[in-house]
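# A look at the structure
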Amino acid sequence: MPGNEKKGVSSAPDPDPAPYLFLTFEMKREDQSKPYDPKKSYWVPDGEGGFNEGLLESENGGKVVVAIKHEKKTFKKEQIQQVNPPKFEKCEDMSNLTYLNEASVLHNLRARYQAKLIYTYSGLFCVAINPYKRFPIYTKTAVKLYLGKRRTEVPPHLFAISDQAYRSMLSKGVCQSILVTGESGAGKTENTKKVISYFAMVGARETGPKNPSKVSLEDQIVQTNPILESFGNAKTARNDNSSRFGKFIRIHFNSGGKLAGCDIETYLLEKARITFQQEVERSYHIFYQLMEPYVPDLKKKCHLSNDIYDYHFVSMGKTKVPSIDDNEDLEFTHEAFRILCFSEEETYNVYKATSAVMNMGELKFKQKGREEQCEPDNPAQAKKVGSLLGIEHSVMMKSFCKPKIKVGTEWVTKGQNIDQSYHSVAGIARGLYERVFRFLVEKCNETLVDDSMKKVFFIGVLDIYGFESFKTNSFEQFCINLANEKLQQHFNQHVFKQEQEEYEREAIDWSYIEFVDNQDVLDLIEKKNTGIISLLDEACMFPATTYEQFAQKLYQALDGKHTRFAKPKRSQTAFTLTHYSG
């Protein structure tokens, strides 16, 4: 998986992290020599969402003329933003900028990123920009650089945030939390792994040489990552290793700050991906790992062929990703099962259940004479699925064709046609995979409990799925984007609203900072009686409601009445939301 590295015995010293953390003297000197006029240097829009630097030539009423590289352009006065003095170039904490405006923030982040400095503070927050390559800033050498240091004593880094949380926990006796958020592909999962590794190192209980035959708690905590990523991450349109679930990880410590255990809560695994992928996407990594040769007898035990295209549930989109080595990742996953004390039987049962999901897509049904009713076809495939799940295949197929439903207090057998049976198979496949995922999380939590250590504090790390917008968005993606909107509202509430309300109460002289409030988006989705979720709940009360009927209900209630809701011209079942977050 991207970010996983093989651990071997190496006597080579860690690479020097300094070029990726510190500004050089030459960089500082070059920045100080930059042309600057405190009264005339302004940022102006470039027409493509960015900004260019120019010199103010003249001002007339609400219009200004700005010279940009010997070319003069006219802008509205409110469009231009002042440039900061050169001493703030590549500033480590943007809350220190003289002029805190959008253009200056974007310029500072870009200038630092181009200098290979991917972390920048913004007050309490640490902004990370994904370099899409490995920098040597997460080694033991880098960890030692941040251990016990104040944030102002070392360059910006998530290790500084982590160490601050750890020290605050010990000194104040209060549990801490770290929120990792951002759009899909921003690097949330990778940064979460580094935070967990940091706590595993600073809270390690063994100070001497490790016993190679004994697996430490800190190693087990780190090894939850390959399993969760294999079963919960997938390639999307924007990210080759996107987490398709949210997780809150509590890392427990005793009163002395030593590791005492860990537990994981997961949220909203994206199940739609299990049986359908768009053409540029891929399903969960584990499906493609099972087709690899690292575990010699795996395919035979799991009744798998050598061709992924034999399983249409997982081959609708991409099946290979250049940045991912599925065989190597199977090695990571298989080793992680061992380290986390999964028995061989449990490990292979997980593999078999996952293979059963793939094989269920190949179950067949045929029409029964002239009736609407269908009956099982291709018994060999049904036997294969039954064998993998340890159930009688004939009972399974009968349940797909003639399921029992509860009417009042009685159970009634309902006949199904071919399409209905295929829908049932897909639904059971999704439910089965979700249960496998839940079992893995529960088993990891059981392993990561150390009863000999008293849990006194914890540091929680929330890694929430990123905002994305696909050509066709499922209900789960709708919920994912809603979660990001809620986080954005939380950010707005604490950074802008409450802070500026406090300035007003204390009569502090400051310029009010305008910000886009996304409360209207949340009202559109969540408002009681009139929000999309309320209307969906209402539609679900009637079993015969179709997609078309629900869409018409939304159009009547919201189209033309809410600025963030729109009806596409050529669809009777789709609707468009203009999000703020992302």
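Residues numbered from 1 in each chain as written. Predicted model: local features only at pLDDT ≥ 70, side-chain atom pairs only at ≥ 80, totals over all residues. Heavy atoms only, no water.

## Observations regarding the overall build of the protein
As a reminder of what qualifies: Per the convention used, a helix needs a DSSP run of H or I reaching at least four residues, while a strand needs a run of E reaching at least two, with both numbered from the N terminus. Exposed residues in this analysis have more than 50% of their type's maximum accessible area, buried residues have under 20%, and partly exposed residues fall in between, with area computed by a 1.4 Å probe over protein chains only. The criterion used for residue contact is that any of the two residues' heavy atoms lie within 4.5 Å. The sign given to each residue is positive for Lys and Arg and negative for Asp and Glu; His and the chain ends receive no count. Working definition for charges: the position is that of NZ of Lys, CZ of Arg, CG of Asp or CD of Glu.
Counting its regular elements, the protein contains 19 helices and 19 strands. Put simply, the protein has 582 residues, and 46% of those count as buried. Pairs at least 24 apart in sequence give 63% of the contacts found in the protein among residues at least 6 apart. Within the protein, the 77 negative side-chain charges are centred at a point lying 1 Å from the centre of the 78 positive side-chain charges.

## Structural notes on the environment of Glu410
Considering the arrangement of structural elements, one finds Glu410 in strand 16 (residues 410–413). Note: C-alpha distance between Glu410 and Glu59 (351 residues apart in sequence) is 82 Å.

## Overview of unusual backbone geometry
Here the phi dihedral of Tyr132 falls at roughly 55 degrees; this positive angle occurs in a residue that is not glycine. Its place among the elements puts Tyr132 in the loop between strand 7 (125–128) and helix 3 (140–146). Positive phi, close to 75 degrees, is recorded for Asn529, a residue that is not glycine. Secondary-structure assignment places Asn529 in the loop between helix 17 (519–526) and helix 18 (532–540). On the accessibility criterion, Asn529 (59% relative accessible area) is exposed.

## Details of the packing of aromatic side chains
Condition: Stacked, edge-to-face and tilted labels apply to pairs of Phe, Tyr and Trp rings (six-membered ring for Trp) whose centres lie within 6.5 Å, assigned for plane angles under 30 degrees, over 60, and everything in between, in that order.
In total, this model carries 20 aromatic pairs according to the counting rule given. For the pair Tyr138 and Phe159, a centre-to-centre distance of 6.0 Å together with 80 degrees between the ring planes defines the contact as edge-to-face. Pair noted here: Tyr138 is in the loop between strand 7 and helix 3 and Phe159 is in helix 4 (residues 158–172), with a separation of 21 residues, a long-range link. Between Phe337 and Phe342 the ring centres are 4.9 Å apart and the planes differ by 65 degrees, which places this aromatic pair in the edge-to-face class.

## Here's the deal with the nonpolar core
Spelled out, the test is: Think of a nonpolar core as a cluster: buried Ala, Val, Leu, Ile, Met, Phe, Trp, Tyr and Cys residues, connected wherever their side-chain atoms sit within 4.5 Å.
One finds Phe199 and Phe231 to be the most contacted residues of the largest nonpolar core, which totals 92 residues. Among the elements that line this core, the one with the most residues is helix 15 (residues 418–447), at ten residues. Excluding residues that lie within four positions of it along the chain, Phe199 makes contacts with Ser162, Tyr166, Ile178, Ile251, Phe253, Leu259, Ile459 and Val461. Within the second largest apolar cluster, 17 residues are counted, among which are Leu522, Ile525, Ile532 and Leu554.

## A closer look at a nonpolar patch on the surface
Basically, it comes down to this: Grouping into patches uses exposed residues only, defined as over 30% relative accessible area, and leaves out salt-bridged ones; the cut-off is 9 Å for like charges and 5 Å for nonpolar side chains (Val, Leu, Ile, Met, Phe, Trp, Tyr). Values of accessible area rely on a 1.4 Å probe in the Shrake-Rupley scheme; residue burial ignores everything except the protein chains shown. We count a salt bridge whenever a side-chain nitrogen from Lys or Arg sits within 4 Å of a carboxyl oxygen from Asp or Glu.
Where nonpolar side chains cluster on the molecular surface, the patch consists of Ile405, Val407 and Val412 and spans about 220 Å² of accessible area. By secondary structure assignment, the location of Val407 is in strand 15 (residues 404–407).

## Thoughts on the packing of helix 12 (residues 344–360) against helix 13 (residues 379–389)
Each pair of packed helices gets described by two things: the angle between the helix axes and the distance between those axes. Rules: Lines are fitted to the C-alpha atoms to define the axes, a helix being fitted only along its stretch in contact, and any angle between axes, read from their N-to-C directions, falls within 0 to 180 degrees. Here is the rule for angles: anything less than 35 degrees is roughly parallel, anything more than 145 is roughly antiparallel, 65 through 115 is roughly perpendicular, and the remaining ranges are oblique. If you view the pair so one helix is near and one far, a crossing is left-handed when the near helix is turned anticlockwise from the far one by less than a right angle, and right-handed when it is turned clockwise. Residues are grouped as follows: nonpolar covers Ala, Val, Leu, Ile, Met, Phe, Trp, Tyr, Cys and Pro; charged covers Asp, Glu, Lys and Arg; every other residue, Gly included, is treated as polar.
Two elements in contact, helix 12 and helix 13, have axes whose closest approach is 8 Å; the angle formed by their N-to-C orientations is 160 degrees. By the angle class used here, helix 12 and helix 13 are roughly antiparallel. Viewed along their axes, helix 12 and helix 13 form a crossing whose handedness is left-handed. Where helix 12 abuts helix 13, its residues Lys352, Ala353, Ser355, Ala356, Asn359 and Met360 lie against Gln381, Lys384, Val385, Leu388 and Leu389. Taken together, the residues of the contact of helix 12 with helix 13 sort by class into six nonpolar, three polar and two charged.

## Concerning helix 7 (residues 224–232)
Counting buried positions over the nine residues of helix 7 gives nine, a clear majority of the element. Within helix 7, the full set of buried residues consists of Thr224, Asn225, Pro226, Ile227, Leu228, Glu229, Ser230, Phe231 and Gly232.

## Considering helix 19 (residues 547–558)
We count it as follows: Under the convention used throughout, the expected extent of a helix is 1.5 Å for every residue step, that is, one less than its residue count. Note: the arc covers the axis-to-C-beta directions of the helix.
When the terminal C-alpha atoms of helix 19 are compared, their 16 Å separation across twelve residues agrees well with the 16 Å that a helix rising 1.5 Å per residue should span. Phe550, Ala551, Leu554, Tyr555 and Leu558 are the residues of helix 19 that are buried. Each buried residue of helix 19 lies within a common arc of 140 degrees when the element is viewed along its axis, so the set occupies one face. Residues of helix 19 that are buried in the fold lie against helix 17, helix 18 and strand 18 (565–566). In the stretch just after helix 19, Gly560 is the one whose phi turns positive, near 85 degrees.

## With respect to the sheet that holds strand 11 (residues 246–253)
Our working rule: Here, any two strands with at least 2 DSSP bridges between them count as paired.
One open sheet accounts for four strands, arranged 8-17-11-12; its pairing is mixed. What marks the edges here is a single partner per strand, and that holds for strand 8 (176–180) and strand 12 (259–267). Averaged over neighbouring strand pairs, the angle between their axes works out to 15 degrees when direction is ignored. Where strand 8 meets strand 17 (residues 457–463), five bridges bridge the pair, whose relative direction is parallel. Residue Gln176 lies in a different strand from strand 17, and its bridge partner there is Ile459. Contacts from helix 5 (residues 188–202) reach strand 8, strand 11, strand 12 and strand 17, with the element oriented near 165 degrees to strand 17.

## As for the side chain of Gln81
Definition in use: Counted as a polar contact is a pair of N or O atoms within 3.5 Å, where, for protein atoms, one must be capable of donating a hydrogen and the other of accepting one, and residues adjacent in sequence contribute only when both atoms are in side chains.
In this structure, Gln81 sits in strand 5 (residues 81–82). Within the structure, Gln81 has its side chain in polar contact with the backbone nitrogen of Glu102 (distance 3.2 Å). In this structure Gln81 touches Tyr42, Trp43, Phe51, Asn101, Glu102 and Ala103, once residues within four positions along its chain are discounted.

## Quick notes on the packing of helix 16 (residues 475–505) against helix 17
At their nearest, the axes of helix 16 and helix 17 sit 10 Å apart, and the two run at 140 degrees to each other. Put simply, helix 16 runs oblique to helix 17. Taken as a pair, helix 16 and helix 17 cross one another with a handedness that is left-handed. In contact with Phe478, Leu482, Glu485, Lys486 and Gln489 of helix 16, helix 17 contributes Gln519, Val521, Leu522, Ile525 and Glu526. Here the contact of helix 16 with helix 17 is composed, by residue class, of five nonpolar, two polar and three charged.

## Some remarks on the confidence of the model for the protein
The predicted structure's coordinates, where accompanied by low pLDDT, should not be read in detail. Operational definition: Confidence scores labelled pLDDT are given residue by residue by the predictor and lie between 0 and 100.
Counting all residues, the mean pLDDT for the protein is 90, and 96% of those residues have values of 70 or more. Between the elements of the protein, mean pLDDT differs from a low of 82, seen in helix 16, to a high of 98, seen in helix 9 (residues 285–289).

## Here we look at the pattern of salt bridges
Here the structure, examined in full by the defined rule, presents 28 salt bridges. A salt bridge links Glu434 to Lys271; the nearest nitrogen and oxygen atoms lie 3.4 Å apart. Of this pair, Glu434 sits in helix 15 while Lys271 sits in the loop between strand 12 and helix 8 (272–275); the two residues are 163 residues apart in sequence, bridging distant segments of the chain. Taking the relative accessible area as the measure of exposure, Glu434 reaches 19% and is therefore buried. The residue Asp520 makes a salt bridge to Arg564 at a minimum N-O spacing of 2.8 Å.

## Topic: the pairing of strand 13 (residues 364–367)
In summary, the side chains of a regular strand alternate between the two faces of the sheet. As paired strands, strand 13 and strand 14 (residues 374–377) are joined by four bridges and run antiparallel to one another. Opposite Lys366, over in strand 14, you have Glu375 as the bridge partner. Between strand 13 and strand 14, which pair antiparallel one after the other, the connecting turn spans six residues, and Gly369 there sits at a positive phi close to 60 degrees.

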